[in-house]
Structures are given as structure tokens and as C-alpha cells.
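What follows is each chain in one-letter form.
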Amino acid sequence: MQASKSNQLDLLALEAINQTIERHQREIDDLNSGKATAELRASQRTMALQVLEASNLCESLNLELSRANADVAVVDSRISLDKQRLNQTSSAKDAQGIESELVTLGKRKSDLEDASLAIMEHLEEAEQKLSVLKVEKSKIDETLAVADDKSMQDLMKLQSGLQLESTERDALRARIPAEIVELFDKKSLRGTAVGRLIGRQCGSCQISLTAAAYDEAVNQPADAMVFCPECAAILVRS
Ligand SMILES: [Zn+2]
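Structure report, in brief. (Residues numbered from 1 in each chain as written. Predicted model: local features only at pLDDT ≥ 70, side-chain atom pairs only at ≥ 80, totals over all residues.)

Some details on the sheet that holds strand E1 (residues 194-198)
To be explicit about the condition: Note on pairing: two strands pair once DSSP finds at least 2 bridges between them. Elements are defined by DSSP. Helices are runs of H or I of four residues or more, strands are runs of E of two residues or more, and each kind is numbered from the N terminus.
Overall, mixed pairing links the 4 strands, which are arranged E2-E1-E4-E3 in an open sheet. For this open sheet the edge positions go to strand E2 (201-202) and strand E3 (226-227), each flanked by a neighbour on one side alone. As defined by bridge partners, E1 adjoins strand E4 (residues 234-237) across 4 bridges and the pair is classed as parallel. Note that in E4 the partner of Val 194 across the bridge is Ile 234.

In C-alpha cells:
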């Protein structure tokens, strides 16, 4: 089988473009798998959960606080009612009973106010924690959005590059005689199909040809196809 000098150079170009396409395809697959941002996405989920828990705690504390305040209001109204009754009664015994109840109500009110204060302190802490968590989450959201945006742009760049590379590859394949392309494809299945002979070294397997093999290779006509005795790649002599 013969191959003109220009066919041989096209084979080198075809090998190079095939390798570029493979590399870019791997990069596209990596981007599509989302593994670069998987860790960030996991942090985002964890943080979202923490924000939800903190927000639920604030909500339940608010509810508890309004219940405690309502209890205080009930006691307050009972106290003012008792005070009215105390003003109106003429019975010393009744007055004594009311006064005793007022003492109990006063104690109850003070206990409720203490409880309410404790809830408020707890709520304040919970709200602070919630706002810290929200800031942290929004930072992660932002980082992830930037990373996703970059991935998308890289993907678009790679895909449009891949289209150009495929067109270039098709043009090269169309330009090279079919039987040479067929041989190239067969050799590609086993590894690098073509290598440039640099000095005595094969550009495909990087092994140096023996002096005898080298002499034989360089003494062949320019349009003869020669092969590496080590890896069987098509050798392109410069
Ligand atoms: Zn070789």
C-alpha cells in the first residue's frame, strides 16, 4: 500500500484531531456528570436543611411566645376584674378571699412573665443563628450558581469546538484514500495509529528503531508506507 507525502501528513493530522476529539468528549462527559460541583451541591442540601430546622425552631418559639403572652393577658384581665370586685365588696371575708387570689394571680403573672422572657431570649438566639445560616447558604448558592454558569459556558465552548473538529476530521478522512483510512481505523482500535519518526524514535510508542530497522525505513521510497516494528503504527518520515 502506498501513501503520498500529503496523505501521510493528513494521517498525522487525523491522529491529532482524533485525540483532541476524544479529550474534548471526555471533558464534556465530565461536565455533564456534574462531579465537579457535587460536593458543593451536597453542602447546599445540608445548609438548606439547617436553615429549615432553624426556621422551624423560630416559628415554634414565636408560637410559644404568643401563647405565653396570651396567658399573661388572661391573668391581667382576671387581676383587674378582682380589683374591681375588691372595690365593690363590703364583705371583709370576700375581700380577704379576693386579696388572697390576687396574691396567687400576681405570682402566676410573674412566673408567666419569666417564662415569656426566657422564650424571648431563646428566640433571639434562634433568630441570630437563622440569619447566620441564611448568609452561609446564600454564599453557597452564589458559588454554585457561578460554577454552574461556568460549566455551562465551558460546555457550550467544547460542544461548538467539537463540531468544528468533527467537520475537520470528516474533511481529512474524505481527502485520504479509503483503503488508507481503513488501515488507520484498524490500527486506531489498538492505540495510536500513526507516529512521526523523529531521529530513530517512533512518535507513537516512543521506542527507538534499531539501526537496521531505521535504515530500512528511511531507504524506502517516499510514498511507501512503513510501519514501526515495535507497535505497528504507520511511521511518517520527515
Ligand atoms: Zn512504535
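Some points on the packing of helix H1 (residues 5-33) against helix H3 (residues 92-175)
Filter applied, for reference: Between N-to-C directions, angles cover 0 to 180 degrees, with each direction set by a line fitted to C-alpha atoms, over the stretch in contact for helices. When an angle is under 35 degrees it counts as roughly parallel; over 145 it counts as roughly antiparallel; between 65 and 115 it counts as roughly perpendicular; any other value is oblique. A crossing counts as left-handed when the near helix is turned anticlockwise from the far one by less than a right angle, and as right-handed when that turn is clockwise. For this scheme, ten residues count as nonpolar: Ala, Val, Leu, Ile, Met, Phe, Trp, Tyr, Cys and Pro. Four count as charged, namely Asp, Glu, Lys and Arg, and the remainder, Gly too, count as polar.
Put simply, H1 and H3 touch, their axes get as near as 9 Å, and they point 155° apart. Comparing the axis directions of H1 and H3 gives the class roughly antiparallel. Here the hand of the crossing between H1 and H3 comes out left-handed. Of the residues that constitute the contact of H1 with H3, the class distribution is 10 nonpolar, 8 polar and 8 charged.

Regarding H1
Note the threshold: By this rule, a helix spans an expected 1.5 Å times one less than how many residues it contains. Residues are called buried when their C-beta atom has 20 or more other C-beta atoms within 10 Å, exposed when it has 12 or fewer, and partly exposed otherwise; all C-beta atoms are positioned from the backbone. A pair of residues counts as a contact when their C-beta atoms, built from backbone coordinates, are within 7 Å of each other.
Here H1 is 29 residues long and its end C-alpha atoms lie 42 Å apart, about the 42 Å a rise of 1.5 Å per residue gives. Among the residues of H1, those classed as buried are Gln 8, Asp 10, Leu 11, Leu 14, Glu 15 and Asn 18. Where H1 is buried, its residues meet H3, helix H4 (178-188), E1 and E4. Once H1 ends, the next one or two residues include Gly 34, with phi positive near 70°.

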